[in-house]
Amino acid sequence: NGVYTSQLPTEAGTWYVRAQVPPQDGHAGLVAVAEFHILKARPEYTVPTGLTAVYGSTLEEVAPGPGFVWEAPAQKVGNAGPQVFEARYVPADTENFETVEHVQIPVQVLPKDASLLWVSPVENAQDAAALTVRDGDVLLREGTDYTVEARQSGGRMSITLLFQGNYTGTVEQ
């Protein structure tokens, strides 16, 4: 159902070829039509490198690069250090190239800066004993997320929180 040409198809899709033999020397002519398919090609792409995120953020806050879309954009990036997440690659020409699923993309997760955390004020020894550190609604743990150094100088005590693991920096009280 269409016009046949002598040009070869170059795009993905369903195509038809027609062979025609004209009648000759009293023999009947012959016409045959056959269907064939040109499948979408797998595109070439380069896996993005050098991506970073901050502990506590989600993938939707990380731009994976042109043509890439995170498969789970609401996913948290996890602990500080190297992580790998899945994305799909969507080529600009989706008529002739397929979308590639489950592309593994490395992301370096950086520790969250201590200046973004809430630390309970310390005015006296009772405050120091009940010290609380929060990252939003999450209560941080001494020994895991931070260590405490206390120094007495005369009648004054100085407390320094040294953050580690998923957090970085120091806070003095």
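It should be noted that the structure appears before, not after, this text.
Residues numbered from 1 in each chain as written. Predicted model: local features only at pLDDT ≥ 70, side-chain atom pairs only at ≥ 80, totals over all residues. Heavy atoms only, no water.

This part covers the sheet that holds strand E8 (residues 118-119). Strand order in the open sheet made by the three strands is E8-E9-E10, with antiparallel pairing throughout. The open sheet has two edge strands with one neighbour each: E8 and strand E10 (138-139). Bridge count for strand E9 (residues 133-135) against E10 is two bridges, and the pairing is antiparallel. Counted as the bridge partner of Asp135 is Val138 from E10. (Pairing = 2+ DSSP bridges. Helix = DSSP H or I, 4+ residues; strand = E, 2+ residues; numbered from the N terminus.)

Here we come to the environment of Val69. One can find Val69 in strand E4 (residues 68-70). Given a relative accessible area of 40%, Val69 falls into the partly exposed group. Residues Val69 and Leu59 lie ten residues apart in sequence; the distance between their C-alpha atoms is 9.8 Å. Discounting chain neighbours no more than four positions away, the residues touching Val69 are Pro64, Ala87 and Arg88. (Buried < 20%, exposed > 50% of the residue type's maximum accessible area, 1.4 Å probe, protein only. Contact = heavy atoms within 4.5 Å.)

What follows concerns the side chain of Asn166. Along the polypeptide, Asn166 turns up in the loop between strand E12 (156-163) and strand E13 (167-168). Residue class for Asn166 comes out buried when judged on its relative accessible area of 13%. Within the structure, the side chain of Asn166 is placed 2.6 Å from the backbone nitrogen of Ala80, a separation counted as a polar contact. With sequence-adjacent residues up to four places away left out, Asn166 is seen in contact with Tyr55, Asn79, Ala80, Pro111 and Lys112. (Polar contact = N/O pair within 3.5 Å; in protein donor to acceptor, adjacent residues only side chain to side chain.)

With that settled, consider the nonpolar core. If you look at the biggest cluster of nonpolar residues, it comprises 15 residues, and the most contacted ones within it are Trp70 and Ile105. Elements with a contribution of two residues or more to this core: strand E3 (51-54), E4, strand E5 (81-89) and strand E6 (100-110). In terms of residue count, E6 provides more of this core than any other element does, five residues in total. The residues contacting Ile105, other than those within four sequence positions of it, are Val47, Pro48, Leu51, Pro64, Phe68, Trp70, Gln83, Val84, Phe85 and Ala87. Membership of the second largest hydrophobic core comes to 13 residues, among which are Ala114, Leu117, Val119 and Leu131. (Core = buried A, V, L, I, M, F, W, Y, C linked by side-chain atoms within 4.5 Å.)

Throughout the structure, instances matching the rule amount to six aromatic pairs. Taking the centre distance of 5.8 Å and the plane angle of 45° together, the rings of Tyr146 and Phe163 count as tilted. Of this pair, Tyr146 sits in strand E11 (residues 146-153) while Phe163 sits in strand E12, and the two are 17 residues apart along the sequence. The same class applies to Tyr146 and to Phe163, which are both buried. Three or more aromatic residues link up through ring pairs in this structure, and these residues are Tyr45, Phe68 and Tyr89. (Phe/Tyr/Trp six-rings, centres within 6.5 Å; stacked < 30°, edge-to-face > 60°.)

Applying the stated rule across the entire model yields four salt bridges. Between Lys112 and Asp135 there is a salt bridge whose closest N-O contact spans 2.7 Å. With Lys112 in strand E7 (residues 112-113) and Asp135 in strand E9, the pair connects residues that are 23 residues apart, well separated along the chain. Neither residue differs from the other here; Lys112 and Asp135 are each classed as buried. The salt bridge involving Arg151 is made with Glu149; its shortest N-O contact spans 3.9 Å. Residue classification places Arg151 among the partly exposed positions, given a relative accessible area of 41%. By relative accessible area, which is 39% here, Glu149 ends up partly exposed. (Salt bridge = Lys/Arg side-chain N within 4 Å of Asp/Glu carboxyl O.)

By themselves, these figures tell us nothing about what the structure is for.
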